Amino acid sequence: VNVILFLNTDTVLVSIANGMVYRWRLASKPVLVWRYQPPSTVMSMAQIGSNLVVLGTLKGHLCLLDWTRYAKERSFSNENRPVVLHRFVPHERLAATSEDASLRKRMGIVKLRVKTTNADCEAGNKNWGRCHLTWVTQSGWILSLALESPTIHGPCIVSHSTSRVTYLNAGGEMIFGKSSWSLPNSALGSDMSGRVVCLVEVPAVTYVLSHHDKFVLDSQPSVIRSSKRSLVVQSEQGKRVVSLPSAIKDIPQALALHPSHEWIVIGDGKRLHILVGRDQRAN
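J.: Please explain the layout of surface pockets as it appears in this structure.
T.: Where empty space is left in the structure can be found by rolling a water-sized probe over the atoms. The space that makes up the largest pocket amounts to roughly 370 Å³. Forming the walls of the largest pocket are 16 residues, and the residues nearest its centre are Arg 113, Lys 115, His 132, Thr 134 and Glu 236. Listing elements by their share of the lining of the largest pocket, those giving two or more residues are β9 (109-116), β10 (131-137), β11 (142-149), β13 (157-160) and β19 (230-235). Among the residues forming the lining of the largest pocket, the class breakdown is five nonpolar, seven polar and four charged.

So this is what it looks like as structure tokens:
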């Protein structure tokens, strides 16, 4: 099981590893209402209003469903399928993902948050309002967009990106002309509590090519990852970077932000670290 989301007191969505998403009605004996096969495995889900849900997938799709409406999947079938209002890949028009194939493959949506200006963003003739989606990707980027309606959305906005990869030849000279972005070599801790996004920053990456000739790019490079550890904290007041103490050696793969935003609990290997105060001092 990847994700579980309660839509109301007796309705739950469950995403499992084979890619299927199920809606169950909870009773003394749970009833399967419908199932849906998205374009790829669902890693995150969020509710919009009283009848919509948005799914974020491993390959970066956003799928908007009306979970209250469904129909038979095929004639003479007992299986139901929900109404899919919209499905798209928001990052496909970004210049960065066009330039860097490795980045494009790491745009899976691992955390997803919805902010609306209308509590009843519903399909049909009811008032839609305006809906903002913000999400964290596998690559350590923070992206967002605005939904104007169930089928119309604005451009994908980059709120945070990782640093560009630095290329050096064997003599230590910089090589220009190749554009790519630093990517994590493990899962990144992140939290989207309230209106704040907190994410472990991806360490800067440097590739040192084994050949002295700067035009030989097909040699196997040595990879140097920065030892600096930090968090990106983004709120309505802006974005700031919090340096982590030297006691944190590994890339934190789990973190939680206290509702007061004064504490951050970080999981580093087999240890827990607590950052406290506005300067996030470590304990």
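Structure's up, so let's keep going.
J.: Help me understand unusual backbone geometry in this model?
T.: If you check the backbone angles, His 261 has positive phi at about 65° while not being a glycine. For His 261, the position within the fold is in the loop between β21 (254-257) and β22 (263-268). Note on His 261: relative accessible area 32%, which makes it partly exposed.

J.: What is the right way to read empty space enclosed by the protein from this model?
T.: Evaluated as defined, the whole model comprises one cavity of 30 Å³ or more. Its boundaries defined by the atoms lining it, the largest cavity holds a volume of some 40 Å³. As for the largest cavity, its lining consists of Val 54, Leu 62, Cys 63, Leu 64, His 86, Phe 88, Leu 133, Leu 147 and Pro 150. For the lining of the largest cavity, the elements supplying multiple residues, two or more each, are β7 (62-72) and β8 (80-88). Top contributing element to the lining of the largest cavity by residue count: β7, with three residues. Residue composition of the lining of the largest cavity, by class: eight nonpolar, one polar and no charged.

J.: Is there a simple way to think about the side chain of Thr 134 in this case?
T.: Here Thr 134 lies in strand β10. Looking at Thr 134, the relative accessible area reads 11%, which means it is buried. Sequence-distant contacts of Thr 134, defined by excluding residues within four places in its chain, comprise Lys 111, Leu 112, Arg 113, Ile 142, Leu 143, Ser 144, Met 192 and Val 197.

J.: Where do I start with the pattern of salt bridges in this structure?
T.: Two side chains with opposite charge may pair up if their charged atoms get near one another. By the definition in use, this model includes four salt bridges. Across the pair Arg 35 and Glu 79 runs a salt bridge, and its minimum N-O distance is 2.7 Å. Taken together, the positions of Arg 35 in strand β4 (residues 31-36) and Glu 79 in the loop between β7 and β8 put the pair 44 residues apart, joining distant regions of the chain. For Arg 35, a relative accessible area of 26% translates into the label partly exposed. Accessibility expressed as a relative area gives 29% for Glu 79, which makes it partly exposed. Close ionic contact of Glu 236 with Arg 195 constitutes a salt bridge, the shortest N to O distance being 3.2 Å. Placement of Glu 236 in the loop between β19 and β20 (238-243) and of Arg 195 in the loop between β15 (190-191) and β16 (197-200) is noted, with a sequence separation of 41 residues between them. Overall, the relative accessible area of 49% leaves Glu 236 in the partly exposed class. Here the salt bridges share partners, and the residues they tie into one network are Lys 115, Arg 195 and Glu 236.

J.: So what exactly am I meant to see when it comes to the environment of Ser 15 here?
T.: Along the chain, Ser 15 turns up in strand β2 (residues 11-15). The residues touching Ser 15, leaving out its near neighbours within four places in the chain, are Val 1, Asn 2, Val 3, Met 20, Val 21, Val 42 and Met 45.

J.: Is there a simple way to think about the packing of aromatic side chains in this case?
T.: Here the structure, examined in full by the defined rule, presents two aromatic pairs. Relative to Trp 181, the ring of Trp 141 lies with its centre 6.0 Å away and its plane at 65°, an arrangement referred to as edge-to-face. In this pair, Trp 141 sits in the loop between β10 and β11 while Trp 181 sits in the loop between β14 (166-168) and β15, placing the two residues 40 residues apart along the sequence. Each member of the pair, Trp 141 together with Trp 181, is buried. Taking 5.4 Å as the distance between ring centres and 75° as the angle between the ring planes, the aromatic pair formed by Tyr 167 and Tyr 207 counts as edge-to-face. Taken together, the positions of Tyr 167 in strand β14 and Tyr 207 in strand β17 (residues 205-208) put the pair 40 residues apart, joining distant regions of the chain. A relative accessible area of 24% places Tyr 207 in the partly exposed class.

J.: Looking at this model, I keep getting lost on a nonpolar patch on the surface. Mind explaining?
T.: Taken together, the side chains of Val 1, Ile 4, Phe 6 and Leu 26 define a hydrophobic patch exposed on the protein surface, amounting to about 420 Å² of accessible area. Assignment of secondary structure puts Leu 26 in the loop between β3 (21-25) and β4. Taking relative accessible area as the criterion, Leu 26 reaches 34% and is therefore assigned partly exposed.

Definitions and limits used
Residues numbered from 1 in each chain as written. Predicted model: local features only at pLDDT ≥ 70, side-chain atom pairs only at ≥ 80, totals over all residues. Heavy atoms only, no water. 1 Å grid on protein atoms, 1.4 Å probe; cavity = no way out; pocket = protein on both sides within 12 Å on 5 of 7 lines; lining within 4 Å. Points joined across faces, edges and corners; volume = space filled by probe spheres on them. Helix = DSSP H or I, 4+ residues; strand = E, 2+ residues; numbered from the N terminus. Nonpolar A, V, L, I, M, F, W, Y, C, P; charged D, E, K, R; others polar. Buried < 20%, exposed > 50% of the residue type's maximum accessible area, 1.4 Å probe, protein only. Contact = heavy atoms within 4.5 Å. Salt bridge = Lys/Arg side-chain N within 4 Å of Asp/Glu carboxyl O. Phe/Tyr/Trp six-rings, centres within 6.5 Å; stacked < 30°, edge-to-face > 60°. Patch = residues over 30% accessible without salt bridge, like charges linked within 9 Å, V, L, I, M, F, W, Y side chains within 5 Å. Areas by Shrake-Rupley, 256 points an atom, 1.4 Å probe, with all protein chains shown as cover.

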